[in-house]
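Coordinates in review
This is what each chain is made of:
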Amino acid sequence: MAETFLDSTELVLNMGPQHPSTHGVLRVIVKLDGEKVLGTECVIGYLHRGVEKIAENRTYTMFAPYVDRIDYIAAVSNGLGYCLAVEKLLNVEAPARAQAIRVILTELNRIGSHLLWLGTHALDIGAITPLFYCMREREYTLDIFEKYCGARLTTHAFRIGGLQYETYEGFEKECLAFCDLFLPKVDEYEELLTGNRIWRKRLIDVGILNEADCKAFGVTGPMLRAAGCKWDIRKALPYCGYEKYDFEIPTRENGDTYDRYMVRMQEMRQSARIIRQAVEGLPAGPITAKVPKVIKPPVGEAYVSIEAPKGELGYYIVSDGTTQPYRCRVRPPSFVNLQALDKMARGSLVADLVAIIGTIDIVLGEVDR
Amino acid sequence: MRTILRKVFLVDLLQGMWVTFRTQHPKNIVTEQYPFERPKIAERYRGAPRLNVNPENGQTLCISCDLCALACPEALIVVGWERNPETKRKDLITFTFDTSRCMFCGLCEDACPVDALELTQDFELASYSREGAIFDRQILEEGIQPKKYVF
Ligand code: SF4
Ligand code: SF4
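Described in the following lines is the structure provided in the data block. All values derive from a computational prediction rather than experimental measurement.

All names here are of chain A. Judged by pairing direction, the sheet is antiparallel, and its three strands sit side by side in the order β1-β2-β3 without closing on themselves. The strands lining the two open edges of the sheet, one partner per strand, are β1 (11-15) and β3 (36-43). Each strand axis lies, on average, 25 degrees off the axis of its neighbour in the sheet, ignoring direction. Note: β1 against strand β2 (residues 27-33), five bridges, orientation antiparallel. Residue pairing across strands places Leu-11 opposite Leu-32, the latter belonging to β2.

Laid out in structure tokens, this is it:
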């Protein structure tokens, strides 16, 4: 090729860690040919706090507040996964009432997490308004958390063996009112986005990840379902009595960014449906199972995975018979899902890269732990 | 034909604009004007710590049992006590609570057998220095007193 001054050269750029649309402190090294992305590499660890190591120096009860900080957008799901894993080690099961309240709170948290995702994702694409509306509705879920357990973000709502707090007065009414209020609001977001031609042009056929690739990367959650695989741990390996509730797993075929958007919108509706069923069938009874004051599980190991808003969240705990875990391993959905970034972004434009990072729904606290 | 007309008249954009327009009415404003409007804090909110005193005689309720200090994952509570030779009981001398490291998880509050330590609805914990975030017994009992700064 003859060299002229018009020849372009490949360019290696850093995107992040302070880039606003990398949703935290993700640094992506991108290799560019003009506007085209030739390859990406993620540099993570800016938010590493060593949560798994902290677990080894804390008792089982003491470690519970730390898991909220792994994925701070979905703190309740993290708390649930951890409590379920320790309960499995102890071989106890939370009473029916505690399980129903856990389901209500985790589903509210799923809605809150998806709303934050939708708002920021739309903001990345260039639609500013949905963010305000999403925040407005998310506030209701946060208010319920605040009234229930006293904190809005890092809730520490569940304890090993059940719950610490009984529901407050008017809890059921507020949850039902939220479901009623929320469903028309989802339609409102869809009115803003789904048919909008800029939104469609920016999302359709961008960042395609098919089912085989999803499985190869271990991608779970809405990303997997958007590629057409009907896999949801709430149905496949029910925990907390999810088998009792009637809900659907939304799926799509193409596995592009638009499909992932549609799947998450449907999931919010399904979550509202689960909340309604759980509130209406809320059983009476105790909220804690019999667990000793000092938690000392027998020697052994347990792995529990739950369906967090972002995908499969797993807790693997090894006990050596003392009051502190010997090892606590977290399987974070965002970290695994992020690995597919390069596959999706290769050959796309820089502007699409922003959309693709947004659609994975990462939270860096969880990627770096 | 219909799609062309929809495109020409920007139907999809107008649809979105209509949603925005609907929420223009002042009664739909949800933003809290914080310093002017106090937020409603839930009863169970876990905010600034307080060491409760007996309202009748002003004596502390704390029995210096040290359970809160043991329950805290961050080990940030230090209870200083001395055995009273007459009553054979522990007297509370100092009590420090380092809010700069606290994550307001509520484990200390749950551990206290006499409900002496409590996390209150007070949420304005900012201070001008790191030392200001360390609460001693006086602050814990009387609450945070706003400091006056003279410039
Ligand atoms: S709220 Fe939690 S971190 Fe703070 S002092 Fe109490 S136990 Fe420790
Ligand atoms: S647990 Fe309660 S009574 Fe015991 S030292 Fe702490 S504040 Fe005092």
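So, next bit.
This part covers the pairing of strand β8 (residues 325-331) of chain A. Residues and elements named next belong to chain A. Here strand β7 (residues 311-319) runs beside β8; their pairing, made up of six bridges, is antiparallel. Opposite Gly-314, over in β8, you have Arg-331 as the bridge partner. Following β7, the chain reverses through five residues before pairing antiparallel with β8; Gly-321 in that reversal takes a positive phi of roughly 90 degrees.

All right, on to unusual backbone geometry then. All names here are of chain A. For Asp-205, which is not a glycine, the phi torsion comes out positive at approximately 65 degrees. Here Asp-205 lies in the loop between α7 (197-203) and α8 (211-217). Asp-205 gets classed as exposed once you look at its relative accessible area, which sits at 54%.

This part takes up the site of ligand 1. As a matter of local geometry, ligand 1 sits amid 13 residues, with B:Cys72, B:Cys102, B:Cys105, B:Gly106 and B:Cys108 nearest to it. Residues of the shell around ligand 1, tallied by class, amount to 12 nonpolar, one polar and no charged.

Moving on, we get to the side chain of A:Ser77. Residue and element names in this part refer to chain A. Relative to the elements of secondary structure, Ser-77 occurs in helix α3 (residues 75-90). Judged by relative accessible area, Ser-77 falls into the buried class, the value being 1%. With residues up to four places along the chain from it excluded, the contact list for Ser-77 reads Thr-106, Asn-109, Ile-306, Ala-308, Pro-309 and Leu-313.

As a further point, take the environment of A:Tyr242. Residue and element names in this part refer to chain A. Position of Tyr-242 relative to the elements: it lies in the loop between α10 (233-236) and α11 (257-280). Among the residues examined, Tyr-242 registers a relative accessible area of 1% and is labelled buried. When the C-alpha positions of Tyr-242 and Gly-311 are compared, they lie 16 Å apart, and in sequence the two are 69 residues distant. Those residues in contact with Tyr-242 that sit more than four places away from it in its chain are Val-103, Thr-106, Glu-107, Arg-110, Arg-234, Phe-247 and Ile-274. Among the polar contacts made by the side chain of Tyr-242, one reaches the side chain of Glu-107 at a distance of 2.4 Å.

Before going further, it helps to spend a moment on a nonpolar patch on the surface. On the surface, a cluster of nonpolar side chains totalling about 290 Å² of accessible area is made up of A:Leu123, A:Ile128 and A:Phe132. One can find A:Leu123 in helix α4 (residues 96-125).

So, about the site of ligand 2. Every residue close to ligand 2 is listed here: B:Cys62, B:Ile63, B:Ser64, B:Cys65, B:Asp66, B:Leu67, B:Cys68, B:Phe95, B:Cys112, B:Pro113, B:Val114 and B:Leu117. Of the residues belonging to the shell around ligand 2, the class tally is 10 nonpolar, one polar and one charged.

Here we take up the interface of chain B and chain A. Opposite the 28 residues of chain B that make contact, chain A presents 30 residues. Together, the buried faces of chain B and chain A total about 2400 Å²; carbon and sulfur atoms form 50% of this surface. At the boundary of chain B with chain A, the tally comes to one salt bridge. The interface formed by chain B and chain A contains 13 residue pairs in polar contact (both at pLDDT 80 or more). Elements supplying a minimum of two residues to the side of chain B that touches chain A: α1 (2-8), α2 (11-22), α3 (67-71) and α4 (107-111) of chain B. The greatest single-element share of the side of chain B that touches chain A, amounting to eight residues, is contributed by α2(B). Of the residues that constitute the side of chain B that touches chain A, the class distribution is 15 nonpolar, four polar and nine charged.

On to the nonpolar core, then. All names here are of chain A. Of all hydrophobic cores here, the largest spans 88 residues; its most connected members are Tyr-82, Leu-105 and Tyr-261. Ranked by the residues each element gives to this core, the list is headed by α4, at 13 residues. For Leu-105, the residues in contact, after removing those within four places along its chain, are Val-76, Phe-145, Tyr-148, Ala-157, Phe-158 and Phe-171. Judged by nonpolar contacts, the second largest core, of 27 residues, contains Met-15, Val-219, Val-354 and Ile-357.

Calculation notes
Residues numbered from 1 in each chain as written. Chains lettered and ligands numbered in written order. Predicted model: local features only at pLDDT ≥ 70, side-chain atom pairs only at ≥ 80, totals over all residues. Heavy atoms only, no water. Pairing = 2+ DSSP bridges. Helix = DSSP H or I, 4+ residues; strand = E, 2+ residues; numbered from the N terminus. Axes fitted to C-alpha atoms, helices over the stretch in contact; angles between N-to-C directions. Buried < 20%, exposed > 50% of the residue type's maximum accessible area, 1.4 Å probe, protein only. Near = heavy atom within 4 Å. Nonpolar A, V, L, I, M, F, W, Y, C, P; charged D, E, K, R; others polar. Contact = heavy atoms within 4.5 Å. Polar contact = N/O pair within 3.5 Å; in protein donor to acceptor, adjacent residues only side chain to side chain. Patch = residues over 30% accessible without salt bridge, like charges linked within 9 Å, V, L, I, M, F, W, Y side chains within 5 Å. Areas by Shrake-Rupley, 256 points an atom, 1.4 Å probe, with all protein chains shown as cover. Salt bridge = Lys/Arg side-chain N within 4 Å of Asp/Glu carboxyl O. Buried area = accessible area lost by both parts, 1.4 Å probe. Core = buried A, V, L, I, M, F, W, Y, C linked by side-chain atoms within 4.5 Å.

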